[in-house]
Structure formats: structure tokens, C-alpha cells
Number of protein chains: 2
Amino acid sequence: MFRLIALGAAVTLMSLGPAYAAANELLSLSQTIFKPLPAEPPVIEGNPATPAKLDLGKMLFFDPRLSSSQLISCNTCHNVGLAGGDLQETSVGHNWQKGPRNAPTVMNAVFNSAQFWDGRAKDLAEQAKGPVQASVEMNNTPERVLETLSSIPEYVDLFTKAFPGEEKALTFDNVAKAIEVFEAVLLTPAPFDSYLRGDADTLTDREKAGLELFINKGCAGCHDGVNVGGSGYFPFGVVEKPGSEVMSADDKGRFQVTNTASDEYVFRAPSLRNVALTAPYFHSGKVWSLQEATSIMGSSQLGISLTPEDEKLLVTFMKTLNGIQPQIVYPLLPVSTDKTPRPILQ
Amino acid sequence: MFRLIALGAAVTLMSLGPAYAAANELLSLSQTIFKPLPAEPPVIEGNPATPAKLDLGKMLFFDPRLSSSQLISCNTCHNVGLAGGDLQETSVGHNWQKGPRNAPTVMNAVFNSAQFWDGRAKDLAEQAKGPVQASVEMNNTPERVLETLSSIPEYVDLFTKAFPGEEKALTFDNVAKAIEVFEAVLLTPAPFDSYLRGDADTLTDREKAGLELFINKGCAGCHDGVNVGGSGYFPFGVVEKPGSEVMSADDKGRFQVTNTASDEYVFRAPSLRNVALTAPYFHSGKVWSLQEATSIMGSSQLGISLTPEDEKLLVTFMKTLNGIQPQIVYPLLPVSTDKTPRPILQ
């Protein structure tokens, strides 16, 4: 019976003509390479989400008191109104210092295989601890973060509710875990997800042509899976090193994490979700045009010279990864007390 | 008939005893000095609110592209999650420069008689233009703001919708007007408003005792009206100059606006709405404790030495001015284009 139906389907498909069959083939092929965003945030092992933890995580994400200056919050560089990034080449942090790399978007980041451009954090909780302590970012210490949050009775209460049964609920680990749970809900379902779920008509012909190029030219070799990237590590300049104006010799990427020669200038291929909303590009943030970035990827990673029309088609496809951004109600942050440490600006 | 009812009411009142009569007297007296927040935002002359203008104003309020660095938005110093202020003595702006004065809260600011500590802007629209251009704040120019917004088609469209029929909708004046309309909805109804509307039981006995002191000691002489302050100008140190650690000799206040000797060290008495949520205090931001600020006000403005118990009662009353903060959905900001000016950090 099943075979009869399948056969019938095949006959129907063929009767619709070669264009339809080709379109269907592109969809089938895409479904083997990419995955749609799940409808629900993933369950994080060892860190189950609860409404209390989610609310706390959102407050911490927006609270500038995680920084020693009390001026910089996670949202400063991972702005939920700007598709989870900022507008800078490389982020600006404590004392107006310019950091070394472009801020990756926080949207859908939970589906990356690891965090940071060099993958030095295994998950979002580990990631969250980095910028808080980095001298060029929030320039704080775990001790001072805890001193600050402990001085605010409302936070003490919120931690108890978010981490029930834990003897010590207000810990730096739990700060990071709460933020992780909030960040895990920052998902941006896009037209490409509807397509991958089988609605072939979601994409226009030009978008499909761009997708086909994206697969056939080899882009999908690194930018695949649920995040259309975000999982594998590759040398920047597999085929040809980009110019030093784009890739500084000083930033050796994953080598700085593993100290292994083969990891020199190796970076995690970023997710391309919302890429058209998150210029500038590359770890250096030196390229502002998505078409130019696409061109550089062609020559440096694939050893091909894309035509301007190809580049445009690829950009057209990438725009189908622009997702519906989450609606976030700005959290009301609890008031500091006489015991709260004062901002340190220097 | 009416007189009979009135007489009946008076008899009932008297039969409830002197405590009730006194409480009622306090309420009546309060109603002559203060006014409750209206339920609806006020109509702004020459700048009628529309949903389109309100949405645009909210986007501009949160958009860091109003600053030359593209790092600082109105919300940076007037954080809607922090009762409309920041956590700094005096705000920190472009290039990490420390500004001269403490950021006044944006909440309910539409009811102030003028804006800034020295009242140099007559309304919120005029105010909004200041920080955008101040070199220690957003360090931008009107020309560059317009160049930036004009480079973003979505903004061009939003201005046309917010200012229909205007030949040139995208102007610096209209940027300010849209922001003004958004800021005018930032109202925080508080327990004291319910009290002023006649619900005498909203306040506890201690809160009422604090209110009575607030009136009898003279605080309400400057802090009155709908914003419990925010309308009149007074020398800081009417009776006795506070120490230079609180009031620097360099900041001559309204004198810098009017160049009139009698305006030396004159400032607008701030609104006390949400005062317990918006430390630190005074134009200098040098005092972090509300009780200490209250004590200084007693000696410098009223020439009295308040007892610690008086100070505590006054603080207890002032906490009835903590309002319900507006719930703001974070706006999704339109994406920059190749024509958008790049951030300038220096």
C-alpha cells in the first residue's frame, strides 16, 4: 500500500514537469544539509529552564551592575534590538577600550557547537563568564559580581527561587546559568525554516537560485546545520589568505586556545542566521558589506572568483535567514542599596 | 437637599472621632499641595501623539545611532529598567567622559516645568536635542543624525508615517518631537496618587506621619504639584551652603543659563517621584543615601536639623512615590545600510 502511494507520488511529481522535480530536489537536498530551528528552545543539560530562572536571566542580561563601571550590560554588545549584536567593528568596553573581535550575535547562539570566535567556551553559561571578567569588556570579578548582587535583597530572593534547594543559590555559576537560560530562548525563526519544513513556496525563485549556488559553490560545506554555520572550525584563508586589512596577523584565532600549530588563524565558521542584519563581518569586523564579505569568502575559503551576479544571488538567499526577532519586555531591575558597591570607572 | 447630605457627611465624620478628622485633614491639605498623576499622558501642544509617532519615538530613544559612536542611546543614561536614570554620580558619555551632572530620571519628566537641572530646555523635545550634541554625551551633530537616519529606508518610511503631510518629515526637530511623545508616556503611578485621589487607607500611619512632616517642615514648599517637585528654581543652600564635596563651586547652575547673579547656584528642585529608586542624589550625584540627602536638604534649604527619626519618616513617605514602572517592549531597530555613516569612536 505504502509503495503504491509512493509510486503515485512519484508519478504526480514527474507529471508536474522537470522544474518542479528540480525544485523538489533542491528542497530534499537542503533538508539533508540544514535543519530548521526547533519551535521550542532546547533543553539544556544540567540547567533546566523555569520561569523564575528565565526572568532572573533576563534581568542579569540587562543589568549594567554586572560590569565594574555599572555602565555595560550583556545587552550593550548583544543588543536584542539589533539582532543580538552591536554596530561596531569590534566591541567597545570598559574605559572605552576597543576589544579584539566583533561581537557575535546572541540570537540562536545556543545552537552553536561552542561559543566565541575561537570556541573557547563550550556553552553559553561558560561564555557568559568571559566578558564579565575581561578587562576590555566589563572588567569585573566574580567576587564583586556576587558582592553586588548579594547587596540587593530582591536579587537574593530571585536566586533562591530560580535555584530552589541549592544551599548557596547566589553563585557566579548560577549567574551564568540564569543568563544561559534566557539566551536560549532568543531564537529567530526565518523564511528558510518554513522552506526546510517543506513549504517550498516560501522562497522566491531568486532565493532558491541563491540557495542552489550556496550549496553548489561549497558555502554549505562550512555553513550548514541548524545555524547555517556555527559548528565547525576552519582556517580563515583555506585557499588564499585575505588581506591584512581584513585579517590581522596578530589574532591567531583558535591557536590561542589550543596552542596547536594547525589551529593558527582558525576560527569557528559563524552562523549565518540574521547575517544581513549584523554587519560588520568577520572576527575583525573590517568588512561592512555582505556582498563584499561573500566575495572574500569565495576567494579565501573556496578559491573561486564569484561573479557579482552570483554574489547578489547568495546575498538574496542569506536574507531568507533574517528571522523574526524575539519580543523582549525590558526588565525592571531591582534597586541598589547602601551596601551595593559603587561604580568604578577607572 | 445637597446641604442636608453635606451636613449628614460632616456629622458622620465627626462621629468617627478626632483621629479620623485629622487624617482627613491631612488628605485635604495634601490635595491642595500635590496633584495625582493623570491616568493618561498629557497632550503636548503642537506635537499630537499618534501610534506611529510613539513607535518611532521609542525606536529613536533606544537607537545608539543617535550618538556618533553608535554606542550610546537615550536609554543608556535614562534606563527604563532603572526608573529612568543611571547608576552613576554623573553620567558617562562619549569616550568615557564623565559629564557634569547627575542624569535626571525621564519618568514623569513631561510634568516638569522645564528640563535639565538648570531648566535650560523648555520641554522634552528641546531637551532631547541637547545630549545628542553634547561632546561629553552623544557627541553627534544634527546633520550626521539626519544623514544616518536618511540612509535607512525603514526610518525614512517611519518618519513619513509619523509626520504625515509634512513636506520634509525627517528633520532634527521631528527626531526630538518623536522622542518627546515617547517620553511623555513614561508615567509611574504610585501609592501616593491613590491617596491623593481620596483613598486615605493607601498610606500606612508611618507614611502619613512622614507626609505630615514633609508638609510641616517645609519640604513641600519646593517639592509640590504633580511631580512633587520639578517646577521651581531655588538656590542650593537657601539657608546654608552644603559642603564643597556635595556642591562644587564650579557648577553655578542656572546662572550659566541666565547670566544673572541671583541665579548663581540655583537649580530646579527635582521631582521626588521614584526618588528612592534613583540614587545617587543632587545635581552632583555625590550623596548615595536618601536619608543623608534628606538631612542635607533640612540643613541647607530649611535651616533645620532633622532628627534621625524625622529623616526616616520622610524617607518612608518618599517611598510612596515609587511608582509602577512602564512595561516597554524593546524595539527592533532597522538595519543600517551601506550608506549609513560608520561609528566614530574618537
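Look above for the structure.
Residues numbered from 1 in each chain as written. Chains lettered and ligands numbered in written order. Predicted model: local features only at pLDDT ≥ 70, side-chain atom pairs only at ≥ 80, totals over all residues. Heavy atoms only, no water.

K.L.:
Can you help me understand the overall build of chain A in this one?
P.N.:
Counting its secondary structure elements, chain A contains 13 helices and two strands. For chain A, whose C-alpha radius of gyration is 22 Å, the value lies close to the compact-globule estimate of 20 Å for 346 residues. Projected onto its principal axes, the C-alpha positions of chain A cover 75 × 55 × 35 Å. With 346 residues in all, chain A has 53% of them scored as buried. (Helix = DSSP H or I, 4+ residues; strand = E, 2+ residues; numbered from the N terminus. Rg over C-alpha atoms; globule rule 2.2 N^0.38 Å. Buried < 20%, exposed > 50% of the residue type's maximum accessible area, 1.4 Å probe, protein only.)

K.L.:
How do you make sense of the packing of aromatic side chains when you look at a structure like this?
P.N.:
Two aromatic rings are characterised by how far apart their centres lie and by the angle between their planes. Applying the stated criterion to the full structure yields 24 aromatic pairs over all chains. Judged by centre distance (6.2 Å) and plane angle (40 degrees), the rings of A:F34 and A:F214 are tilted. Note that A:F34 is positioned in the loop between helix 2 (18-33) and helix 3 (51-62) and A:F214 in helix 10 (residues 205-216), a separation of 180 residues in sequence. Like A:F34, the residue A:F214 is buried in the burial classification. With 5.1 Å between their ring centres and 80 degrees between their planes, A:F192 and A:F317 make a pair best called edge-to-face. Note that A:F192 is positioned in helix 9 (residues 191-196) and A:F317 in helix 13 (residues 308-318), a separation of 125 residues in sequence. When sorted by exposure, A:F192 lands in the same class as A:F317, which is buried. Taken together through their ring pairs, the aromatic side chains of A:F61, A:F62, A:F182, A:Y330, B:F61, B:F62, B:F182 and B:Y330 make up a single cluster. Lying over the aromatic face of A:F116, A:R120 brings its terminal NZ or CZ to 3.7 Å of the ring centre. One residue, A:R254, lies across the ring of A:Y233, its end atom 4.1 Å from the ring centre. (Phe/Tyr/Trp six-rings, centres within 6.5 Å; stacked < 30°, edge-to-face > 60°. Lys NZ or Arg CZ within 6 Å of the ring centre and 35° of its normal.)

K.L.:
Looking at this structure, how should I read the pattern of salt bridges?
P.N.:
As a working rule, side chains carrying opposite charge can pair if their charged atoms are close by. All names here are of chain B. Under the defined criterion, the tally for this structure stands at 28 salt bridges over all chains. Linking D63 and R65 is a salt bridge whose minimum nitrogen-to-oxygen distance equals 2.9 Å. Pair check on accessibility: D63 and R65 agree, each one buried. Put simply, D251 and R101 hold a salt bridge, and the shortest N to O gap is 2.7 Å. With D251 in the loop between strand 1 (233-235) and helix 11 (255-258) and R101 in the loop between helix 4 (74-77) and helix 5 (124-133), the pair connects residues that are 150 residues apart, well separated along the chain. Both residues of the pair, D251 and R101, count as buried. (Salt bridge = Lys/Arg side-chain N within 4 Å of Asp/Glu carboxyl O.)

K.L.:
Sorry if this is basic, but what is going on with helix 3 (residues 51-62) of chain B here?
P.N.:
Residue pairs spaced three or four apart in an α-helix point in one direction, given the helix's 3.6 residues per turn. Residue and element names in this part refer to chain B. If you check helix 3, its first and last C-alpha atoms are 17 Å apart, about what 12 residues at 1.5 Å a residue would give, namely 16 Å. Within helix 3, burial applies to K53, L56, G57, K58, M59, L60, F61 and F62. Packing partners of the buried residues in helix 3 comprise helix 4, helix 6 (142-150), helix 7 (153-162) and helix 8 (172-183). (Expected span 1.5 Å × (residues − 1). Contact = heavy atoms within 4.5 Å.)

K.L.:
I keep staring at the interface of chain A and chain B and nothing clicks. Help me out?
P.N.:
Many authors give the size of an interface as the accessible area that is lost as the parts come together. Listed by partner, the interface residues are 40 residues for chain A and 40 residues for chain B. With both chains or domains summed, chain A and chain B bury close to 3,400 Å², and 67% of this area falls on carbon and sulfur atoms. Considering only the surface of chain A that becomes buried against chain B, A:L87, A:W96 and A:Y330 emerge as the three largest contributors, covering 24% of it. Scanning the region where chain A abuts chain B turns up zero salt bridges. (Buried area = accessible area lost by both parts, 1.4 Å probe.)

K.L.:
Would you mind showing me how to read the environment of A:P191 here?
P.N.:
Residues and elements named next belong to chain A. Within the secondary structure layout, P191 lies in helix 9. Residue P191 is classed as partly exposed on the basis of its relative accessible area of 32%. Distance from P191 to L321, taken between C-alpha atoms, is 6.6 Å for residues 130 residues apart in sequence. Discounting residues that sit within four places of it in the chain, P191 has contacts with T202, L203, T320 and N322.

K.L.:
Would you mind showing me how to read helix 6 (residues 142-150) of chain A here?
P.N.:
Residue and element names in this part refer to chain A. Along helix 6, the residues that are buried comprise P142, R144, V145, T148 and L149. Buried residues of helix 6, viewed axially, fall in a sector of 165 degrees; they line one side. Buried residues along helix 6 sit against helix 3, helix 5 (124-133), helix 7 (153-162) and helix 8 (172-183). (Arc of directions from axis to C-beta.)

K.L.:
Help me out: how do you make sense of the relation of the copies chain A and chain B in this one?
P.N.:
Relating one copy of the chain to the other takes a rotation about an axis and a shift parallel to that axis. With an RMSD of 0.0 Å, chain A superimposes on chain B once it is rotated by 180 degrees and translated 0.0 Å along the axis. In the structure described here, the two chain copies are related by an operation that fits a two-fold rotation axis. Among all residues of chain A, the minimum C-alpha distance to the rotation axis is found for A:V329, at 2.1 Å. In this assembly the copies share their binding face: 100% of the residues contributing to the interface of chain A also contribute to that of chain B. (Least-squares fit on C-alpha atoms with pLDDT ≥ 70 in both.)

K.L.:
What should I look at first to understand the environment of A:S194 in this one?
P.N.:
Residue and element names in this part refer to chain A. With respect to the secondary-structure elements, S194 resides in helix 9. Judged by its relative accessible area of 31%, S194 is partly exposed. Sequence separation of S194 and E245 is 51 residues, and the distance between their C-alpha atoms is 38 Å.

K.L.:
Got a minute to help me understand the side chain of A:D118 in this structure?
P.N.:
All names here are of chain A. Mapped onto the elements, D118 comes out in the loop between helix 4 (74-77) and helix 5. For D118, the side chain forms a polar contact with the side chain of R120, separated by 3.1 Å. Look past the residues within four positions of D118 in its chain and what remains in contact with it is R101, Y233, G253, R254 and V257. (Polar contact = N/O pair within 3.5 Å; in protein donor to acceptor, adjacent residues only side chain to side chain.)

K.L.:
How should I be thinking about unusual backbone geometry in this particular structure?
P.N.:
Across residues other than glycine, the phi torsion is negative in most instances, and most of the peptide bonds are trans. For the bond from A:A279 to A:P280, the omega torsion is 0 degrees, close enough to zero to count as cis. Residue position: A:P280 is located in the loop between strand 2 (266-268) and helix 12 (290-302). Positive phi outside glycine occurs at A:F116, with the angle close to 75 degrees. For A:F116, the position within the fold is in the loop between helix 4 and helix 5. Under the relative-accessibility criterion, A:F116 is labelled buried at 14%. Positive phi, close to 60 degrees, is recorded for B:Y265, a residue that is not glycine. Mapped onto the secondary structure, B:Y265 falls in the loop between helix 11 and strand 2 (266-268). Under the relative-accessibility criterion, B:Y265 is labelled buried at 13%.

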